[in-house]
Amino acid sequence: MNSTTPPHINRRELLSRLTALSAATVPLLQGCAPTPIADTSGSTSAGSCVLTPTETEGPYPLSSVISSPALKRRDITEGKPGIPVKLQLKLHDTNNGCAPITDADIYIWHCDNSGIYSGYYNSGENATGQTYCRGIQPVDDSGTAHFDTIYPGWYPGRVTHIHFQIYHSGKTVTSQLAFPLAANREVYDTQHYVHTGQNNTVTELGDDFEFTDGAVYQTVALSGDVDTGLVATLEIGIRA
């Protein structure tokens, strides 16, 4: 591991996880100018390129729809209620001075405001045949993929999160992003989420098994407000 490895990441655990993954399908993920835990004021702090963990795709990837032309879209809400979120994911090449990667596609998926994933029977709800809160976008000339979505709900055992996969040069990188806990609490007091209430099953980002090895590098920065909508940004680096 090089000197850019964050000191708080468990070296043995990270090496074990990366070794277990196929190098042909999941190259090393790194975060450029890491986004710290932020509230809706959008506060951030600067940093250098550091390792950010890859994560599992989870039980609801619905990989069968990835090639569907209908999924190549910016707006993935399909009319689902919730606080609007403009999600911006920006890719960097850590092998090239963190220059933007401009020839990649990103697939994202997340649950609706009730914690239900499209395409599956989950949490007692049948959402088979549906594709809400899923979409694929190419990155632009700045290396950024843009999505219009809603703030995800939650389900027991997990903090609020979004899954994403990056497709670049024949390789696939899989990870997940988290939202600041303070923002979650504010969002879940609003009308679109009051039916599920607050998530008291996981009270710290690090208590979520997917974010035990570096949540600070996977947490979006937020700006805006719950009344007019939020902008969520995350910078992601890969060894291209």
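Residues numbered from 1 in each chain as written. Predicted model: local features only at pLDDT ≥ 70, side-chain atom pairs only at ≥ 80, totals over all residues. Heavy atoms only, no water.

Asker: Whenever I open this one, the overall build of the chain confuses me. Can you help?
Answerer: Along the chain, the regular secondary structure elements total two helices and 13 strands. For the chain, buried positions account for 52% of its 240 residues. Excluding contacts between residues fewer than 6 apart, the proportion of contacts in the chain whose partners are at least 24 apart in sequence is 74%. Of the roughly 10200 Å² of accessible surface on the chain, a fraction of 51% belongs to carbon and sulfur atoms. (Helix = DSSP H or I, 4+ residues; strand = E, 2+ residues; numbered from the N terminus. Buried < 20%, exposed > 50% of the residue type's maximum accessible area, 1.4 Å probe, protein only. Contact = heavy atoms within 4.5 Å. Areas by Shrake-Rupley, 256 points an atom, 1.4 Å probe, with all protein chains shown as cover.)

Asker: Explain the sheet that holds strand S5 (residues 105-109) here, please?
Answerer: Sheet strands line up and pair through hydrogen bonds in the backbone, either parallel or antiparallel. A sheet is described by the order of its strands in space; here four strands give the open sequence S8-S5-S10-S11, paired in antiparallel fashion. The open sheet terminates on both sides in strands that have one partner only, identified here as strand S8 (134-138) and strand S11 (171-178). On average, each strand axis in the sheet is tilted by 20° relative to the strand beside it, whichever way the strands run. Where S5 and S8 come together, five bridges link them in antiparallel fashion. Among the inter-strand pairings, Trp109 is bridged to a residue of S8, identified as Arg134. (Pairing = 2+ DSSP bridges. Axes fitted to C-alpha atoms, helices over the stretch in contact; angles between N-to-C directions.)

Asker: Would you explain the confidence of the model for the chain in this entry?
Answerer: Parts of the model with low pLDDT should not have their predicted coordinates read in detail. A residue-level look at the chain finds 78% of positions with pLDDT of 70 or above and a mean pLDDT of 82. Between residues 1-47, whose pLDDT stays under 50, and residues either more than four places distant or in other chains, the model counts 122 contacts. (pLDDT = per-residue confidence, 0-100.)

Asker: Explanation requested: the nonpolar core in the structure shown.
Answerer: Within soluble globular proteins, side chains that are nonpolar generally end up buried alongside one another. Among the nonpolar cores identified, the biggest contains 38 residues, and Leu89, Ile106, Ile108, Tyr151, Ile166 and Leu177 are the most heavily contacted of them. Contributions of two or more residues to this core are made by strand S3 (84-93), S5, strand S9 (144-150), strand S10 (161-168), S11, helix H2 (181-187) and strand S13 (229-238). Broken down by element, this core gets its largest block of residues, five residues, from S13. For Ile108, the residues in contact, after removing those within four places along its chain, are Ile76, Leu87, Leu89, Cys133, Arg134, Gly135, Phe147, Ile162, His163 and Phe164. (Core = buried A, V, L, I, M, F, W, Y, C linked by side-chain atoms within 4.5 Å.)

Asker: Before we go on, may I ask you to explain the environment of Val220 in this structure?
Answerer: Along the chain, Val220 falls in the loop between H2 and strand S12 (221-225). For the pair Val220 and Leu89, spaced 131 residues apart in sequence, the C-alpha to C-alpha distance is 9.3 Å.

Asker: What is the right way to look at the packing of aromatic side chains in this model?
Answerer: The geometry of an aromatic ring pair is captured by two quantities: the separation of the ring centres and the angle between the planes. Enumeration according to the criterion identifies seven aromatic pairs in this entry. For the pair Tyr60 and Tyr120, a centre-to-centre distance of 5.1 Å together with 65° between the ring planes defines the contact as edge-to-face. One end of the pair, Tyr60, is in the loop between strand S2 (50-51) and S3; the other, Tyr120, is in the loop between S5 and strand S6 (121-122), with 60 residues separating them in the sequence. Plain terms: the ring middles of Tyr151 and Tyr188 are 6.2 Å apart, the flat faces sit at 85° to each other, and that makes the pair edge-to-face. (Phe/Tyr/Trp six-rings, centres within 6.5 Å; stacked < 30°, edge-to-face > 60°.)

Asker: When you look at the pattern of salt bridges in this model, what are you seeing that I'm missing?
Answerer: A side chain of one charge can pair with a side chain of the opposite charge when the charged atoms of the two come close. Here the structure, examined in full by the defined rule, presents five salt bridges. Asp148 serves as the salt-bridge partner of Arg74, at 3.5 Å between the closest nitrogen and oxygen. Here Asp148 lies in strand S9 and Arg74 lies in the loop between S2 and S3, a separation of 74 residues in the sequence. When its relative accessible area of 39% is taken as the criterion, Arg74 is described as partly exposed. As a salt-bridge pair, Asp208 and Arg158 come within 2.6 Å of each other at their nearest N and O atoms. With a gap of 50 residues between them, Asp208 in the loop between H2 and S12 and Arg158 in the loop between S9 and S10 connect regions that are remote in the sequence. The exposure class assigned to Asp208 is buried, which follows from its relative accessible area of 0%. By relative accessible area, which is 6% here, Arg158 ends up buried. (Salt bridge = Lys/Arg side-chain N within 4 Å of Asp/Glu carboxyl O.)

Asker: Where do I start with the pairing of S5 in this structure?
Answerer: As a general feature of sheets, a regular strand has side chains that alternate between the two faces. The buried fraction of S5 amounts to four of the five residues, a majority that puts the element mostly inside the structure. As judged from the five bridges shared by S5 and S10, these two strands associate in the antiparallel manner. The residue of S10 that forms the bridge with Asp105 is Tyr167.

Asker: Any chance you could explain a negative patch on the surface here in plain terms?
Answerer: Together, Glu186, Asp189, Asp225 and Asp227 line one region of the surface with negative charge. Taking relative accessible area as the criterion, Asp227 reaches 72% and is therefore assigned exposed. (Patch = residues over 30% accessible without salt bridge, like charges linked within 9 Å, V, L, I, M, F, W, Y side chains within 5 Å. Lys, Arg positive; Asp, Glu negative; His and termini not counted. Charge placed at Lys NZ, Arg CZ, Asp CG, Glu CD.)

Asker: I would appreciate a short explanation of the environment of Phe164 in the present structure.
Answerer: The residue Phe164 is located in strand S10 in this model. When the C-alpha atoms of Phe164 and Tyr107 are compared, they prove to be 5.5 Å apart, with 57 residues separating the residues in sequence. If sequence neighbours within four positions are ignored, Phe164 has contacts with Leu89, Ile106, Tyr107, Ile108, Trp109, Val173, Thr174, Ser175, Gln176, Leu177 and Ile236.

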